[in-house]
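Coordinates in review
Residues per chain, in single letters:
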Amino acid sequence: MREALLSPCRLCPRRCGADRLRGQAGYCKSGREIKIARAALHHWEEPPISGENGSGAVFFSYCTMQCVFCQNYAISTLHRGKQVSVEELADVFLALQEQHAENINLVTPTHYVPQIIDALDIARKGGLRLPVVYNTSGYELPETLRSLEGYVDIYLPDFKYWADRYAVRYSNAPRYAEYAKAALAEMYRQTGPPVFDGRGIMRKGVIVRHMLLPGLLFDAKKILDYLYKTYKHNIYISIMNQYTPLEHVRAYPEINRPVSAAYYGALLDYASKIGIERAFIQEGGTVSESFIPAFYPGD
């Protein structure tokens, strides 16, 4: 196993230095063992990711971000899930392929990158041939991403914040935009422009997600400006309205409300105005706890 990165841990921008090989938990609260919260066909991703059969989504427990509004709070903060070995994770990947998944979708995987690489090596020897999606918060280090070259085909990062004050207040993630920009550059270097198969399923490329938060329209416009000016039509942008104010966001009254249709429409109008064409948008009905998957209970 490529365990050196776990002792001391330096996988994400926090570089917390936890000795995870000796049982010390990192900032993300994960240790040496892999913990997953769900592995199933997932139909709620962007169309070229989900396709007709669904994406083979593996949700990893814990997270490097700890966003106060996290829709996957049960696994990122309450740490639900079950432990699996590297070999068992490889079996999970192969089982999803047997279920005709369009891809293997690694959801919040950053803190398990060394173990995931080993599991992918085993799975490939066992016949895994699906493209791999790296579904991340965007709070990444280029050096960690470089270790994934040749393993990841599609990058699906968030770009959550432009202004540091929001990144710190809502995710305790200083310099978020700086790290997200550097990470995205490395992701694009690895994949290049998007590639699709004959069914319209993405085989290679980058889709950047931005979920609009209440009161942060100006911040969102800054992100879209950057993405379009830097990458033009060489990436896709997913502009999301699914923000759901759950119970644990009550301490932040300024974001304790849904995003209105008019507010979201203003962002879509802006995206069109600046020339964005390769974009995915969400229609009404996405603001619902029913869009939060059922996760495994805690161990």
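For the structure itself, consult the block above.
In this text, all values refer to a predicted model and were calculated from it rather than measured experimentally.

A few points about the pattern of salt bridges
For the coordinates displayed, the defined rule picks out 11 salt bridges. Between Arg22 and Asp19 there is a salt bridge whose closest N-O contact spans 3.3 Å. Take Asp19: its relative accessible area is 18%, and that puts it in the buried class. Each of Glu45, Glu46 and Arg209 takes part in one network of salt bridges that share partners.

A few points about the environment of His42
Residue position: His42 is located in strand S1 (residues 34-42). By relative accessible area, which is 7% here, His42 ends up buried.

Overview of the packing of aromatic side chains
Summed over the entire model, instances satisfying the criterion amount to 15 aromatic pairs. Taking 6.2 Å as the distance between ring centres and 55° as the angle between the ring planes, the aromatic pair formed by Phe159 and Tyr226 counts as tilted. Residue Phe159 is found in the loop between strand S6 (154-157) and helix H6 (164-171), and its partner Tyr226 is found in helix H8 (residues 217-231); the two are separated by 67 residues along the sequence. Looking at Phe159, the relative accessible area reads 1%, which means it is buried. With a centroid separation of 6.0 Å and an interplanar angle of 70°, the aromatic rings of Tyr170 and Tyr252 are classed as edge-to-face. One end of the pair, Tyr170, is in helix H6; the other, Tyr252, is in the loop between strand S9 (236-240) and helix H9 (261-274), with 82 residues separating them in the sequence. Looking at Tyr170, the relative accessible area reads 3%, which means it is buried. A network of ring pairs unites the aromatic residues Tyr139, Phe159, Tyr161, Trp162, Tyr176, Tyr179 and Tyr226 as a single cluster. The side chain of Lys181 reaches across the aromatic face of Tyr226, ending 5.4 Å from its centre.

Calculation notes
- Residues numbered from 1 in each chain as written.
- Predicted model: local features only at pLDDT ≥ 70, side-chain atom pairs only at ≥ 80, totals over all residues.
- Heavy atoms only, no water.
- Salt bridge = Lys/Arg side-chain N within 4 Å of Asp/Glu carboxyl O.
- Buried < 20%, exposed > 50% of the residue type's maximum accessible area, 1.4 Å probe, protein only.
- Helix = DSSP H or I, 4+ residues; strand = E, 2+ residues; numbered from the N terminus.
- Phe/Tyr/Trp six-rings, centres within 6.5 Å; stacked < 30°, edge-to-face > 60°.
- Lys NZ or Arg CZ within 6 Å of the ring centre and 35° of its normal.

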